[in-house]
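Understanding the architecture of this molecule
What follows is each chain in one-letter form.
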Amino acid sequence: NHKGKTLTRFDKRTGKKEDVLVFESCLVPGTPVLMADGTTKGVEKVQVGDRVIDHLGESRLVTETMSRLVTEDIVRLRRTGHPGWLELTGNHPILVVRSADAAYPSSKNGKHSFSKEAFARKLDQGRVRPEFVNAADVREGDWVVEVIPQLDGGMTKIVTADYTTPRNIDWVAQHHAPDTSRDEEFFPDGLYAGRWKSRDRQPWIRRSCHADGCDSIMELRPSDRARMYCSSMCAGTWRKGKNIGNKNGNLTRHNLPDTIELTESFGRLVGWFLAEGSVSSAAVNFALHADETEQAQEIVNLARDCLGLTSVTVFNPTPTTLSVTVFSAPFARLMSVFGTQSGRKGLPDEFMAAPLEFLRGVADAHELGDGLHGNEASPEGQRKDSVRSHVHRHFTVSDRLASQLYLIHLMLGRTPSHTTKKAFRDNWSPLHDVWWKNLAARHGRNTLTVRGKMAYGPWVFTRVRDVESRPYSGAVHNLEVADSHTYTANGLAVHNCHKISFFELSYVFEPADE
């Protein structure tokens, strides 16, 4: 029933050759595979030469891809604290600790009980080790392994022009009809000498804003032709070449640095935008509550310290709201790459390979903006709830951002959970709730365990919540991965082979010895 191929492997410990049967197809299309750069791909889209994350969180090379058609029942697994299902054929091995192995006999009634401290001791002593088990044999209550990826953080800075150059002048012209009735050509003083000598020897264009009640004037160089199509210049970046004048007064124009370091501070600025930001043609606005003055000041400081932007206004549009507006067209284009609609916000794929400090800044600031910060004090006279006071939550309607926040917390050594809530209206997107508990602060010791989850080494052990099967007819896929022969599917460690005789426990922990 299962087409495969037999490989011969030499076991250094026994000195014998062993046959390994590799099954060619085990996961349904669309199953997300974690790549070495922190992004995910559907298993059917992974190609030879790609690098994936193995069961130890390390980068491995894909050497072969396999697929075939099947008509059979497939197994569906769902774990605690995660809304997604892992769908795979019943013979596909998945890394598991049996519930009976994790438990211990109770001295009171002789039945098996469970203690995470006892589970951790068993792992430390080697009395319990995870093993690869066929998916069909996994049961509710078993512990599957979520992999903590060890990304290199190689993307330490970005070239600003790569993210701020208009996509296409024709596209801009199509979406912003220009008003050229009051255009005026002129030559700036010193165009052919001094600081202007490197400019194109073409006349500049002086354009007056045609919006009602606005007297802004914008001066455009020939190299800024895309900006000619901006239909509203009320928050423009030039007046007489250097300043703009509008209802907010004269504001100084600032360009962005040529390169931007992906530091924790810049990560916090991005996190604030993902939580509270929106963009216009030449400004970025952060919408806060009226009493969030400290948060507003932090945004002002981050814009100044990270990017040198000082054209900022802070005012109260209504008695209950506070608005922070940063005037800069390049900054607006930069922030737009993180999403211009709440349901589409998220980090570009390459930013998941940024340093961990940057990602920590993103998560921490987003929590302050669109979440619940667990260390906030309770009202005076009320006792803090010992559990709720250390819960850290994120709320978002973006599927992509929710998945990225979950992965970031895993990389930070936390034990996150992800749940979804039904939208208030049928045509609204569901609300994602990504949360984790700082139990080290709660208990006064270094423990990162929550109900149904336990962090240990390169993994987070997670209890299996549901196991079911369903009929399936169509293509299934598998990957051959160098050295470890494992990869991460929907966050869980899986093997690409059917076990014959060589899955020793040390292989799971020390693949380099094999």
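Read on for an overview of the structure. It should be emphasised that the depicted structure is a prediction, and the values quoted were computed from it without experimental measurement. (Residues numbered from 1 in each chain as written. Predicted model: local features only at pLDDT ≥ 70, side-chain atom pairs only at ≥ 80, totals over all residues. Heavy atoms only, no water.)

**Some words on the pairing of strand β25 (residues 391-396)**
For clarity, the cut-off: Only protein chains enter the accessibility calculation, which uses a 1.4 Å probe; a residue whose area is less than 20% of its type maximum is buried, one above 50% is exposed, and one in between is partly exposed. Here a strand is any run of E in DSSP of at least two residues, a helix any run of H or I of at least four, and the numbering for each starts at the N terminus. Two strands are counted as paired when DSSP detects at least two bridges linking them.
Taking burial as the measure, the 6 residues of β25 include 5 buried ones, the bulk of the element. As judged from the 6 bridges shared by β25 and strand β27 (residues 431-437), these two strands associate in the antiparallel manner. Bridge assignment links His 394 to a residue of β27, and that residue is Val 434.

**Describing helix α9 (residues 399-411)**
In plain terms, the rule: Given a helix with a known number of residues, its expected span is that number minus one, times 1.5 Å.
Along its 13 residues, α9 runs 19 Å from first to last C-alpha, staying within 8% of the 18 Å computed at 1.5 Å per residue. With 10 of 13 residues buried, α9 is to be regarded as a mostly interior element. Within the sequence span of α9, burial applies to Leu 401, Ala 402, Gln 404, Leu 405, Tyr 406, Leu 407, Ile 408, His 409, Leu 410 and Met 411. Positioned one or two residues after α9, Gly 413 has a phi angle of 80 degrees, which is positive.

**Some thoughts on the pattern of salt bridges**
Going by this rule: Criterion for a salt bridge: a side-chain nitrogen of Lys or Arg within 4 Å of a carboxyl oxygen of Asp or Glu.
All chains considered together, the criterion is met by 15 salt bridges. The residue Glu 58 makes a salt bridge to Arg 60 at a minimum N-O spacing of 3.0 Å. Through salt bridges that share partners, Asp 54, Glu 58, Arg 60 and Asp 483 make up one connected network.

**A look at the nonpolar core**
Rules: What we call a nonpolar core is a set of buried Ala, Val, Leu, Ile, Met, Phe, Trp, Tyr and Cys residues that are connected through their side-chain atoms within 4.5 Å. Two residues form a contact once any of their heavy atoms are found within 4.5 Å.
Counting residues in hydrophobic clusters, the biggest one holds 71 residues, and the most contacted among them are Phe 266 and Phe 331. It is α9 that provides the largest number of residues to this core, a total of 8 residues. Contact partners of Phe 331, with chain neighbours within four places excluded, come to Leu 256, Leu 269, Val 284, Leu 307, Leu 309 and Val 326. Counting 24 residues, the second largest nonpolar core, distinct from the first, contains Val 75, Ile 94, Val 144 and Leu 479.

**Notes on unusual backbone geometry**
Residues apart from glycine generally show negative phi values, whereas peptide bonds are mostly found in trans. Phi angles above zero are rare outside glycine, and Asp 483 is one such case at about 70 degrees. Relative to the assigned elements, Asp 483 resides in the loop between β30 (459-481) and β31 (486-489). Phi is positive for His 485, which is not a glycine, with a value near 60 degrees. Relative to the helices and strands, His 485 resides in the loop between β30 and β31. Classification of His 485 by relative accessible area gives partly exposed; the value is 22%.

**A short note on the side chain of His 418**
Defined as follows: Polar contact is defined as a pair of N or O atoms within 3.5 Å, subject to the rule that within protein one atom must be able to donate a hydrogen and the other to accept it, and that residues adjacent in sequence are counted only when both atoms are side-chain atoms.
Note on placement: His 418 falls in strand β26 (residues 417-421). At a separation of 3.0 Å, a polar atom in the side chain of His 418 contacts the side chain of His 432. In contact with His 418, not counting residues within four places along its chain, are Gly 81, His 82, Pro 83, Ala 402, Tyr 406, His 432, Asp 433 and Val 434.

**As for the environment of Pro 317**
Its location among the elements puts Pro 317 in the loop between β22 (312-315) and β23 (321-327). Taking the relative accessible area as the measure of exposure, Pro 317 reaches 47% and is therefore partly exposed. Between the C-alpha atoms of Pro 317 and Ala 290, which are 27 residues apart in sequence, the distance is 9.4 Å. Aside from chain neighbours lying at most four places away, what touches Pro 317 is Leu 322 and Ser 323.

**A short note on the sheet that holds β23**
The test is simple: In this analysis, axes come from line fits to C-alpha atoms, helices being fitted only over the stretch in contact, and the angle between any two N-to-C directions falls in the range 0 to 180 degrees.
Taken in spatial order, the 4 strands of this open sheet run β20-β21-β23-β22, and their pairing is antiparallel. The open sheet has two free edges, formed respectively by β20 (277-279) and β22, since each of these has just one partner strand. Each strand of the sheet is rotated relative to its neighbour by a mean of 20 degrees, with strand direction disregarded. As paired elements, strand β21 (residues 283-289) and β23 share 7 bridges and run antiparallel to each other.

This is a description of form; function is not addressed.
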